[in-house]
Amino acid sequence: IMKRDILQKPLCRKFWPQTPSNDTNPHHVFRARDKERYRLRKQHRRNDIDSFRKMHHLRREFEKAQQLLNFVLEREKLNEADFEIQQEIFDQ
């Protein structure tokens, strides 16, 4: 109670008066956020048909790329096996 009398304001921060946004005093740091900025950050991405189609197309493209890489890997393994067989034949 003595501390509250000395400070001349409530002890709980949520009961303090709100600091104006144009106040430049560095000791008054708790200010309300600007509503415009808050709204811009809070926008949610819309899930519509167009974005779904784009994501579906992108997924198919990645699957095709993955399949091509698997084919290349298989080809390289076959080439290596072929080289080893030819080397064994040559050594005999």
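Residues numbered from 1 in each chain as written. Predicted model: local features only at pLDDT ≥ 70, side-chain atom pairs only at ≥ 80, totals over all residues. Heavy atoms only, no water.

**So, the overall build of the chain**
For clarity, the threshold we go by: Secondary structure counts use DSSP, requiring at least four H or I residues in a row for a helix and at least two E residues in a row for a strand, with both numbered from the N terminus. Think of it in three bands: with a 1.4 Å probe and only protein chains considered, a residue is buried below 20% of the maximum accessible area for its type, exposed above 50%, and partly exposed in between. A 1.4 Å probe and the Shrake-Rupley method give the accessible areas. Residues count as covered only by the protein chains that appear here.
In terms of regular secondary structure, the chain is built from three helices and zero strands. Overall, the chain shows an N-to-C arrangement of helices and strands of α-α-α. Here the chain, with 92 residues, has 1% of them falling under the buried criterion. Put simply, the chain shows about 10,100 Å² of open surface, and 56% of that area lies on carbon and sulfur atoms.

**Description of a negative patch on the surface**
To be explicit about the condition: A residue counts toward a patch only above 30% relative accessible area and without a salt bridge, and it is joined to like-charged neighbours within 9 Å or, for Val, Leu, Ile, Met, Phe, Trp and Tyr, to nonpolar neighbours within 5 Å. Should a side-chain nitrogen of Lys or Arg be within 4 Å of a carboxyl oxygen of Asp or Glu, the pair is scored as a salt bridge. When charges are counted, Lys and Arg are positive and Asp and Glu negative, with His and the chain ends excluded. Lys charges are placed at NZ, Arg charges at CZ, Asp charges at CG and Glu charges at CD.
Together, E80, E84, E88 and D91 line one region of the surface with negative charge. Within the fold, E80 resides in helix α3 (residues 49–91).

**Some remarks on the confidence of the model for the chain**
Note the cut-off: Values of pLDDT, ranging from 0 to 100, describe the predictor's confidence in every residue of the model.
This prediction gives the chain a mean pLDDT of 80; 72% of its residues lie at or above 70. Mean pLDDT across the secondary structure elements of the chain bottoms out at helix α2 (residues 35–42), with 54, and peaks at α3, with 94.

**Quick word on a nonpolar patch on the surface**
On the surface, M55, L58 and F62 cluster together into a nonpolar patch covering about 340 Å² of accessible area. Along the chain, L58 turns up in helix α3. Given the relative accessible area of 41%, L58 is considered partly exposed.

**A few points about the pattern of salt bridges**
Counted under the stated rule, the structure contains three salt bridges. In this structure, D50 engages K54 in a salt bridge whose closest nitrogen and oxygen atoms are separated by 3.6 Å. With D50 and K54 both in helix α3 and four residues apart, the pair spans about one turn of that helix. Classification of K54 by relative accessible area gives exposed; the value is 55%. A salt bridge links E63 to R59; its shortest N-O distance comes to 3.2 Å. Of this pair, E63 and R59 both sit in helix α3, four residues apart, which is roughly one turn of the helix. By relative accessible area, E63 is classed as partly exposed at 40%.

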